[in-house]
Amino acid sequence: MSAILGFDFGTGHIGVCCGSIASGTASPLGAIRARDGIPDKGALKRVMDEWKPEICVVGLPLNMDGSEQEMTRRARRFGNRLANDFKVKVVFEDERLSSAEAKDEIFARGGFRALKKGKERIDSASACIILEQYLGKRSREA
């Protein structure tokens, strides 16, 4: 079975993780640098070529009331580019509070020192949360 990649879209970094349908878990892969939301094409291509995902899950940053914002539209554009450029199925997953949850998890494991190790780690952990949320829904539907 092919891999599933999860993405936490951001304007400066895009967190990436890989996951498994069988286990319902995800593992962080780091983050891809982005400039104003446009990812480093070489880095993105390397990740896509290495993992050859069956599905990509992109976090959708919604307002707390569920309404869309500018970042929502930008994340959709990123996902649509993934679908077009790499001919892969893209699914969007509500990501409200995933970054806060990632920070809490990292802090619980290593305190302030772990948080200081960088935004890249938080972005990748957020991608894991987004992907595991998607995998959990998928397993309940099966």
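Computed from a predicted model, the values in this text were never measured in an experiment.

K.L.:
Mind showing me how you'd approach the side chain of T72 here?
P.N.:
Looking at where T72 falls in the secondary structure, it is placed in helix α2 (residues 70–86). Ignoring anything within four residues of it in the chain, the contact list for T72 reads L60, P61 and L62.

K.L.:
Mind showing me how you'd approach the nonpolar core here?
P.N.:
It is characteristic of soluble globular proteins that their nonpolar side chains tend to be buried jointly. Ranked by internal contacts, the top residues of the largest apolar core, which has 21 residues, are F7, M48, C56, F78 and L82. In terms of nonpolar packing, the next biggest core, distinct from the first, is built from 12 residues, I55, V57, C128 and L131 among them.

K.L.:
Would you explain unusual backbone geometry in this entry?
P.N.:
Most of the time, phi is negative for any residue but glycine, and the peptide bond is trans. Positioned with a positive phi, D36 is a non-glycine residue whose angle comes to about 55°. Structurally, D36 can be placed in the loop between β3 (26–35) and β4 (38–39). Unusually for a residue other than glycine, K52 sits at a positive phi of about 45°. Along the chain, K52 turns up in the loop between α1 (41–51) and β5 (55–60). Residue K52 is classed as exposed on the basis of its relative accessible area of 58%.

K.L.:
Help me understand the pairing of β5, please; the structure alone is not making it clear to me.
P.N.:
Note on strand geometry: in a regular strand, side chains alternate between the two faces of the sheet. In terms of burial, β5 is a largely internal element, 6 of the 6 residues being buried. Of the strand pairs in this sheet, strand β1 (residues 4–8) and β5 are connected by 4 bridges, and their pairing is parallel. From the neighbouring strand, L5 faces β5, where its bridge partner is C56. Across 6 bridges, β5 lies against strand β6 (residues 89–94) in parallel orientation. What sits directly across from V58, in β6, is F92. Taking the sense of rotation as the criterion, the β-α-β connection linking β5, α2 and β6 turns out right-handed.

K.L.:
Help me understand the pairing of β1 in this model?
P.N.:
Extensive coverage of β1 is indicated by the burial of 5 of its 5 residues. Residue alternation in β1 divides its side chains into two sets, I4, G6 and D8 and L5 and F7, and both sets are buried. Bridge count for β1 against strand β2 (residues 13–19) is 5 bridges, and the pairing is antiparallel. Bridge pairing in β2 places I4 opposite G19. The hairpin turn running from β1 into β2, its antiparallel successor, is 4 residues long.

K.L.:
Can you help me understand the sheet that holds β6 in this one?
P.N.:
One key point about sheets: their strands pair by backbone hydrogen bonds, in either a parallel or an antiparallel sense. In space, the 6 strands of this open sheet follow the order β4-β3-β2-β1-β5-β6, with mixed pairing throughout. Two strands bound the open sheet, and with one partner strand each, they are β4 and β6. Set on the sheet, α1 makes contact with β1, β2, β3, β4 and β5; between it and β1 the angle comes to about 155°. Its contacts with the sheet place α2 against β1, β2, β4, β5 and β6, and it is angled at close to 170° to β5.

Basis of the calculations
Sequence order as written defines the numbering, with residues in each chain counted from 1. The model is predicted, so local features are restricted to residues of pLDDT at least 70 and side-chain atom pairs to those at 80 or more, both for listing and for counting; the totals for chains, interfaces and linings are taken over all residues. Each side-chain value is derived from all of the structure's non-hydrogen atoms; neither hydrogens nor water enter the calculation. Every helix listed is a DSSP run of H or I at least four residues long, and every strand listed is a run of E at least two residues long, numbered separately from the N terminus. Throughout, a contact is declared for two residues whenever any of their heavy atoms are within 4.5 Å. Buried residues of nine kinds, namely Ala, Val, Leu, Ile, Met, Phe, Trp, Tyr and Cys, make up a nonpolar core once their side-chain atoms join them within 4.5 Å. For every residue, the accessible area obtained with a 1.4 Å probe (protein chains only) is divided by the maximum for its type, and the residue is called buried under 20%, exposed over 50%, and partly exposed between those limits. Strands qualify as paired when DSSP identifies two bridges or more between them. Handedness of a crossover is defined as follows: orient the strands so they point away from the viewer, and if the path from the first strand over the helix to the second runs clockwise, the crossover is right-handed. To obtain each axis, a line is fitted to C-alpha atoms, and for helices this fit is confined to the stretch in contact; angles are then taken between N-to-C directions over 0 to 180 degrees.

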